[in-house]
Structures are given as structure tokens and as C-alpha cells.
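# Topology and contacts: notes
What follows is each chain in one-letter form.
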There are 2 protein chains.
Amino acid sequence: MVEKLVVIGGGAAGMSASSRARKLKPNMEITVFEATKMVSHAPCGIPYFVEGLFDDENLFMTYTPQFFREKRKIDVRINTKVTEVDFDSRIVYAESKDGKIKAEYDYLVISTGSLPKKLPVEDGDDRVFYAHHPAHAVELREKLWSLNTIAIIGGGILGVEMAEALSSRGKKVILIHRGEYLLNRMIDQELGNIVTQRVAKDVEVKLGEKVEQIKNGGRVIITDKGKYEVDGTVIAIGVVPNVELVKDKIKLGETGAIKVDEHMRTNYREVYSAGDNTESINIITKKPYWVPFATVANKMGFVAGSNIGGHEMTFPGVVNTQITKYKEFYIARVGLQEEEAKKYGFKPFSATISGKTRARYYPGAKDIHVKIIADENTKRILGAQIVGEEEVLGRIDMMAAAIMKGFTIEDTFFIEMGYLPAISRVWDPVIVAIRQLMKDE
Amino acid sequence: MVEKLVVIGGGAAGMSASSRARKLKPNMEITVFEATKMVSHAPCGIPYFVEGLFDDENLFMTYTPQFFREKRKIDVRINTKVTEVDFDSRIVYAESKDGKIKAEYDYLVISTGSLPKKLPVEDGDDRVFYAHHPAHAVELREKLWSLNTIAIIGGGILGVEMAEALSSRGKKVILIHRGEYLLNRMIDQELGNIVTQRVAKDVEVKLGEKVEQIKNGGRVIITDKGKYEVDGTVIAIGVVPNVELVKDKIKLGETGAIKVDEHMRTNYREVYSAGDNTESINIITKKPYWVPFATVANKMGFVAGSNIGGHEMTFPGVVNTQITKYKEFYIARVGLQEEEAKKYGFKPFSATISGKTRARYYPGAKDIHVKIIADENTKRILGAQIVGEEEVLGRIDMMAAAIMKGFTIEDTFFIEMGYLPAISRVWDPVIVAIRQLMKDE
């Protein structure tokens, strides 16, 4: 009998899982139910679409539904919403405009992703926007482009990216943030202040301000410190795991996402979970952690698909690598923030340095700021944060590798980083920060 | 009694060693003998100086002799050549224009660097140039700028960098190389061909051609395939450890560089060696290896200085990270080349992929080519090579960290690399190559 795999949700994790399973089991019957019109879609692209850097919404998809159907023999059903899962009988119920569907499975992957956190709005909500799903990006952009003054609520990654997009479009932007500086859940204050000052050059930044009411459909915002009249409001206060469909039947973890073992299995042996709806383990703390990002989703999906395909594979957990940009600044972190490290019982100490990106004599050097956090007891690296104008990503990737394998301060000092005067320094800024952590120096 | 440290050679390694020793032993008497007028100098900058990207030769120095004398209390003697070392009596003999010097030591650091390999030239050598030491860069540049057609012998890193510099200055350049493609001792042919084709757009590239005679002071070059009449010749066929001064008294390794233990000690317990004149151990093969690059020199010096300063530290060895550029291309490698890996007894297999540097929808994506080499038996990563137009350095740094700690293919697959559409892909090119190495895929 032919084995059947059903996948709920055709985003990064779902399509990775189904593609990997297909590769390993060429005869498996694979069906993907996707509620929207897009699969393998890239929500990270929404701010750039709003900025006007590209116009074709199809580019949001790595591959089209057709591609998956024809090239990978994966039965992708778009605009099809799963309404119920019977885990005991192993049946998924779904519906589309063509009617109801009932699909049996031998393996199930839950990859329903995340949903934006919402705020209550009075008097309708015709001027309130969430920049969450590419399937709605065209409509979102059309509306935002028609407005002049726009409030963004939330100074996290999406809020800052939308601020860049909208200010680049010539909009007047008011960015209202509860934290004391922008990106405060991503990077520590030393670097956060640098970013905040930069954003404040283009955008009205309101810090330490709590939204109390959104009225008139999104045209009026009342905070604990003031009142703003705008043409529309983008809400970007974070996301939550989308577990509505299964939360009463599948075991959730303490983060609110679906609990899985290292094979990405839920409490049902044949049911896997992958992507933003799934809890992970933080490699540094060994504690449950939740990282709703595309690369992690893809790899979770890959692992789930491998195991379904009969090739055993385990997911090692996460170190929470994040990177964003604001105009000329790239902003990245990996590991734990300093306060976070304390909460988990470490004894963190840190070094923060400002340097240049190129050799003294090479023209065009840019600023770069590096913070490295290590544990006093074990001398292991706990976190790294970088804000700079070039070559930020790779340095964070290197630190991600280091943190995942428990590199000490000295291990990191000795990483044989490449040196090219045009894009680096003979004592790399990361190594300069590391040297400061060598206490006896 | 005050301890005395003498350092022979004021380049990267020598100044790192003396600075580190100073920090740890504030009262030590530290003397550095440097044969040229420059200390902590940066030979990597010469091609950029020749290109005209900067004009002040003082920028070749990270710090001036004055800085070291005043801020670090290091007695730097420039234009002072060491003529002999008596290792039994612990005395260094040197001379400058002011006469002869005799200096006793408790600790000695040999950091004499490297020398360019030379070729015999007939009829004088007034048109033959070596781009080796910043102290001669002004004169070198003046002469090269006055010529029109210039031959470069050697298609390694320096040859390619000089080709960029001189072709950017509008010179007609003939690049004569013995290998089948440029940079053949740095990267494998798949990527080497890409670089070679790019360089050949600006420069006359002669491959597989062996120089037999250089005549008329550098104006005529005769190879096994032809004869070239030029205005001058740059010889860039590599470097050798500069061990002339000590080679009869200090133990050399099989690479011809000075043999040291992991503390950077020579066969004399109080004599250390660091920098380009020093042999290292390849972390992958555990065999003697020689890497004449600035970052390694700096760290060797740091380790020597630490041990002299009483803080025990060991040097872990090298993985041979290299990076260069040719116009829009960055070219980097780390670890072993595929053939090199075979010679060392590994069973290498590899994947080479071509990708893009940015998300499908993000404008301005550049090409990037990645080769990853792993060992069939252990599944460990043996080497990585990247040629691309952006974010090459960081990816190689990440692979350097991975290779230094013995990451397997699967370990590397799971490195949580950052993803930002503006500068990367959700499946990073490195990870795409790694996936190809997962054989059962």
C-alpha cells in the first residue's frame, strides 16, 4: 500500500518537509493543504515589497504550486483550509471553494506557521494593517501607499523594517515602541542606542510608550504619553505560534508552540511539527525556546521530511540568529542577550567595541560595533551582537557556529578569520572584542 | 634583576609579541631590532598603494616606532640589522649607521618574516620588481607608474592583486603563470577558471607557461612558449621563510621554517619564533604546515608574548584561511584543496554550486560560487572555497571555525546562519553545497 503524507501549511517548513520526503520516498503520496494562494512564500520580503524594491508578487514564492505539482509530484492544494484533524483515525478535514475534503494520512506534518499578535481597534479597522502574509502584500501596499502619515506600533525587527520601507517611500512615520530603545528584544542597549539614533533621523521615534487605545479604525492612537492622529496604523508587535487548529489535541510546550522531540515528532508518533508553530530547544540553555524564522523553519522541515522518508535525522536546537537592516546599517545578533543570560543562571560578562571595517589605508572604511558576551564560569561564548555597515552577516554566522559548538573565548580568539584590507582588519573587530574578554590582558 | 626581551623583526608577529609581553610584564626591558624604517607594517597593502588607493606610506604602519617607544615603553630600533645571535651566551649582535650593538636577552623572539623567491636576471636588474616590503613601496610605485607594459610572473595571490592594481592604473599587463589556471595553489579548478576568465578580460593571461630567462634587466622574458618584450617585470612567485640569520643554529621544520612547539618555543627554551619565519601545524592533518599570513603572524606573536609574559597559552595550529579580490570578485578558501586532501590520505568528495547572494525578489543579487570538500570516511569538512561578489569573507570565516573544530557535514548544515533578503538567501549557498554532500539526498 502506498504511504500517505499530509502537510498542513505550505510555507517554508511544510514545503521543505514535503520536498525532502519526496526525495527519499519517490512513491509516497504527498498532499499539502495551504489556506492562502501562495506556497513556499517569503514573509520576510513584505517590507521590501512595500518599499517598492520589487513589484511582482509571484517573487514571494520560491517555487510555485505548479512547480511542486509537476516537478516534485506533490499535490499542493492552495486556498484550502484545514478545519479539523482526527488524530486517532488519522484523518484531515479541509475545505475549499470546491467543497469539503477528507484526507487520510500515515504521516502528518503540522506547519501552520505563526500569526501576528493583534490589538483591539475601535470604530472598525479599515486603517489598521498587519504586514504578515505575502498573499495580502499587494493590497497592503496599495493601501499604505495611499496614506501620508503612518503610525507603526512596535519597534522590533518588523517595525524597524516597515519604518525603513515607509520612510523611504516618503511617508511621515511615527514609530511607537514600548521598550527603552528599538530592537530591545534583539540587541542590548549599547548597540540598540546606535540603531535608535539612526532611525530617529528619518522617523519620529517614541520610546517607552505604551499604546492604550486605537480608535477611529486606526486613525487615532492614544498612548500613556500622548495622542496621535494619523492616516493609518501598522501593528508589528510580534507573532504567536498558529496552533489554534490542534491546541486541544497536541501537546504544547511552555512557549505556547507545539512540543516536539529532536526528530520533530509530536506526542503522536506519526505526527510531526515544523516551522514557526513549533517549539525548539535553545542549544546554550538546553531549555525550550521559540524561534519563528525562515531558516530554522526550513531546517525543521528538512529534518521532519528526512525522518518521514526513513532517513533518521535530529534537529540540534537553535541559537536564535537574527539579522535585519536599517538603511546603511546591518544589525545582527546570535545567542543570548546579556540580561537573558542572567535569567538563565549564567554569569555573563561582555565587551563592546567600535571599530572600522577596512584596513587603515583602504578607502571607504565603515563603522562597526561589536558586543560579545561570555560566561564567567565556563568562559564559553553566550552571545554576539553586531551593528555595522558591511560584512555583518558573516561575522554573526561565524559566531553562530562557535556558539552552537560551545567555543570558549580562547577558541574564538584563534578562529583563523580571513584578512583582506578591502573588507576587514588584520585584528578583526570580533577578535578585538574577544581580546577584551581575556581578562588578564 | 630586570628581565630582558629582545625581538628580531618589528613586523606583525614581533610587535604583537612585544606588546603582549609588555602588558603582562610592565617592568620587562623590551628591545625590538627592525632592519627597515617601518614597524608593525602591512605588506598586504602594497598592491593598493600601487593602485593609488592611498598615498601616505605611513599608513602602512599600524603604529609608529614612536608610539611603541612612548606608549608601550618598547625600545624600537629601526634601520638596525641583526647580524648574529649567540644562543649559548644569549646575546644578539646588531648594527645600524650609528655603529654596532650588543644586546643580552633572557627571552628572544625571532620574527624575521619572509622573503620573496627570486629569479635570476641577466644584464642588471633595474627593471625587475618585487612587491614585498612596504618600506620600498614609494620607490616601487614611482617606477611602475613610469612604465607602460608590465609583465607579472606568478599567478598567485600577489600576482593577481598586482594585476588588478596595474591594470586599474591603465597599464598593459602580461600575467605569466606556470599553473593551468590562476590561484591554483589557493582554489580548485572549478572556481579558478571563473577567476581566470575574469582576470583575462583586463590582462593578457598566459597559462601553463614556464619562465626560462629574464634578460635585459627585466625588459625581455623568455618562456617555454614565447618571448615578451616589456618595460618591466614584477616577480611574484611566492615567499620563503627568512631564516638565514639562524638556520644553522635553530632547528628548522620540514617546511623550511623554524620549528616550534605549541607554545611557540624553538629548541632553545627561552627562544621563541613567530610569524612568517615560523612553521605551524595544520589542524586538519596534524602535519607541519607553513602559512605566511598577517593574522596568523599576529596570533603567533600574541601567544609567544603571553608565554614570555608568564601567562601560558598554546597556539592551536592553522587551517590556512586565505582571501583576495580581483575587481568585483572576492576569492577565498580555507582548509585543504581537494588534491591536497588526497595527498594527506583523506578520501575527499566535494560539491560545487553556483548561486545568488540575495533573495530572488531583492534587487542587485550577485553571483556566488561555493565548493565544499569533505572526507568520505569521517564526514568531516576538509575545505571550503568561495568566489563571489559579496559576503564571501564571513562565509569563509564561518567555515574556518567549523573546520578548526572538526564539524561534520551535518553539523555544518545545521549552523543557524542569519537570513536577510538584502544580502543572503534563505537556503544559503554554503548550505546548498552542504546539502549536495548529504549523499542519500
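As the structure is a computational prediction, the values presented were derived from the model and not from experiment.

This next bit is on the packing of helix H1 (residues 12-24) of chain B against helix H7 (residues 294-308) of chain B. Packed helices, taken two at a time, are described by their axes: the angle between them and the distance between them. Residue and element names in this part refer to chain B. Contact pair H1 / H7: the axes reach a minimum separation of 7 Å and the direction vectors enclose 30°. Relative to H7, the element H1 is oriented roughly parallel. Where H1 crosses over H7, the handedness of that crossing is right-handed. Taking contact as the criterion, the partners of Ala12, Ala13, Ser16, Ala17, Arg20, Ala21 and Leu24 in H1 are, on H7, Ala294, Ala297, Asn298, Gly301, Phe302, Gly305, Ser306 and Ile308. Tallied by class, the residues present in the contact of H1 with H7 amount to 9 nonpolar, 5 polar and 1 charged.

Contact residues are listed per partner, giving 73 residues for chain A and 73 residues for chain B. Together chain A and chain B conceal approximately 6500 Å² of surface at their shared face, both sides included; 66% is due to carbon and sulfur atoms. It is Tyr361(A), Phe414(A) and Glu416(A) that lose the most area in chain A upon contact with chain B, and together they represent 13% of the buried surface on that side. Along the contact surface separating chain A from chain B lie 2 salt bridges. For the interface between chain A and chain B, the tally reads 22 residue pairs in polar contact (both at pLDDT 80 or more). Contributions of two or more residues to the side of chain A that touches chain B are made by helix H1 (12-24), helix H7 (294-308), strand S21 (322-326), helix H9 (393-404), helix H10 (409-413) and helix H11 (429-437) of chain A.

Each of the two chain copies can be brought onto the other by rotation about an axis and movement along it. Note on the copies: chain A fits chain B at an RMSD of 0.0 Å, the axial shift is 0.0 Å, and the rotation between them is 180°. Accordingly, the operation relating the two chain copies is best matched by a two-fold axis. Take the interface residues of chain A: 100% of them recur as interface residues in chain B, which is what a same-surface contact looks like.

Inspection of every chain in the model, using the stated rule, returns 30 aromatic pairs over all chains. Plain terms: the ring middles of Phe54(B) and Phe60(B) are 5.2 Å apart, the flat faces sit at 70° to each other, and that makes the pair edge-to-face. Overall, Phe54(B) belongs to the buried group, its relative accessible area being 6%. Linked through ring pairs, Phe302(A), Phe315(A), Phe413(B), Phe414(B) and Trp427(B) together constitute an aromatic cluster.

We now examine the sheet that holds strand S9 (residues 128-129) of chain B. Across a sheet, strands are paired by hydrogen bonds formed along the backbone, either parallel or antiparallel in direction. Residue and element names in this part refer to chain B. Strand order across the open sheet formed by 5 strands is S9-S16-S10-S11-S12, with parallel pairing between neighbours. The outermost strands of the open sheet, each flanked by one partner alone, are S9 and strand S12 (204-206). In terms of strand pairing, strand S10 (residues 149-153) meets strand S16 (residues 232-235) through 4 bridges, oriented parallel. Opposite Ile150, over in S16, you have Gly232 as the bridge partner.

Moving on, we come to the pairing of strand S6 (residues 99-104) of chain B. Residue and element names in this part refer to chain B. Pairing of strand S5 (residues 91-96) with S6, which is carried by 6 bridges, proceeds in the antiparallel orientation. Its bridge partner being in S6, Ser96 is matched across the sheet by Gly99. Counting the residues in the hairpin turn of S5 and S6 gives 2 residues.

Applying the stated criterion across every chain, the model contains 54 salt bridges over all chains. Of the charged contacts, one joins Asp98(A) and Lys97(A) as a salt bridge, the two residues approaching to 3.6 Å between their closest N and O atoms. Judged by its relative accessible area of 68%, Asp98(A) is exposed. Here Glu279(B) makes a salt bridge to Lys259(B), at a shortest N to O gap of 3.9 Å. Taken together, the positions of Glu279(B) in the loop between strand S18 (271-273) and strand S19 (280-281) and Lys259(B) in the loop between strand S17 (239-241) and S18 put the pair 20 residues apart, joining distant regions of the chain. One network of salt bridges, in which partners are shared, links Asp188(A), Glu190(A), Glu338(A) and Lys371(A).

Following the criterion strictly, the structure yields 4 cavities of 30 Å³ or more and no others. There is about 60 Å³ of room inside the largest cavity. Forming the walls of the largest cavity are Phe414(A), Ile415(A), Glu416(A), Met417(A), Thr295(B), Val296(B), Lys299(B), Phe315(B), Pro316(B), Gly317(B), Val318(B) and Met404(B). With 3 residues, the top contributor of residues to the lining of the largest cavity is H7(B). Across the lining of the largest cavity, the residue classes tally to 8 nonpolar, 2 polar and 2 charged.

On to the sheet that holds strand S3 (residues 75-77) of chain A, then. All names here are of chain A. The 5 strands lie next to each other as S3-S2-S1-S7-S18, forming an open sheet whose pairing is parallel. Single-partner strands in this sheet number two, and they are S3 and strand S18 (271-273). Across the sheet, the axes of successive neighbouring strands diverge by a mean angle of 15°, strand direction being ignored. For strand S1 (residues 4-8) and strand S7 (residues 107-110), the ladder comprises 4 bridges, and the chain directions are parallel.

In this section: H1(B). Residues and elements named next belong to chain B. Taking 1.5 Å per residue as the helical rise, H1 with its 13 residues ought to reach 18 Å, and the 18 Å between its terminal C-alpha atoms agrees with that figure. Residues Ala13, Gly14, Met15, Ser16, Ala17, Ser18, Ser19, Arg20, Ala21, Arg22 and Leu24 constitute the buried set of H1. Where H1 is buried, its residues touch strand S1 (4-8), strand S2 (29-33), helix H3 (65-71), strand S3 (75-77), strand S7 (107-110) and H7.

Residues and elements named next belong to chain B. Listing the buried residues of helix H4 (residues 137-145) in full gives Ala137, Leu140, Arg141 and Leu144. Projected down its long axis, H4 shows its buried positions confined to an angular sector of 95°, all on one face. Buried residues in H4 make contact with helix H2 (46-51), S9, S10, helix H5 (157-168) and S16.

It is worth spelling out the environment of Trp290(A) at this point. Residue and element names in this part refer to chain A. If you trace the backbone, Trp290 turns up in the loop between strand S20 (288-289) and H7. For the pair formed by Trp290 and Leu158, sequence separation is 132 residues and the distance between their alpha carbons is 17 Å. If we ignore the near neighbours within four places in the chain, the residues touching Trp290 are Ser114, Val239, Val240, Pro241, Thr255, Ala257, Asp276, Thr278 and Glu279.

About the criteria used
Residues numbered from 1 in each chain as written. Chains lettered and ligands numbered in written order. Predicted model: local features only at pLDDT ≥ 70, side-chain atom pairs only at ≥ 80, totals over all residues. Heavy atoms only, no water. Axes fitted to C-alpha atoms, helices over the stretch in contact; angles between N-to-C directions. Helix = DSSP H or I, 4+ residues; strand = E, 2+ residues; numbered from the N terminus. Parallel < 35°, antiparallel > 145°, perpendicular 65-115°, else oblique. Left-handed = near helix turned anticlockwise from the far one by under 90°. Contact = heavy atoms within 4.5 Å. Nonpolar A, V, L, I, M, F, W, Y, C, P; charged D, E, K, R; others polar. Buried area = accessible area lost by both parts, 1.4 Å probe. Salt bridge = Lys/Arg side-chain N within 4 Å of Asp/Glu carboxyl O. Polar contact = N/O pair within 3.5 Å; in protein donor to acceptor, adjacent residues only side chain to side chain. Least-squares fit on C-alpha atoms with pLDDT ≥ 70 in both. Phe/Tyr/Trp six-rings, centres within 6.5 Å; stacked < 30°, edge-to-face > 60°. Buried < 20%, exposed > 50% of the residue type's maximum accessible area, 1.4 Å probe, protein only. Pairing = 2+ DSSP bridges. 1 Å grid on protein atoms, 1.4 Å probe; cavity = no way out; pocket = protein on both sides within 12 Å on 5 of 7 lines; lining within 4 Å. Points joined across faces, edges and corners; volume = space filled by probe spheres on them. Expected span 1.5 Å × (residues − 1). Arc of directions from axis to C-beta.

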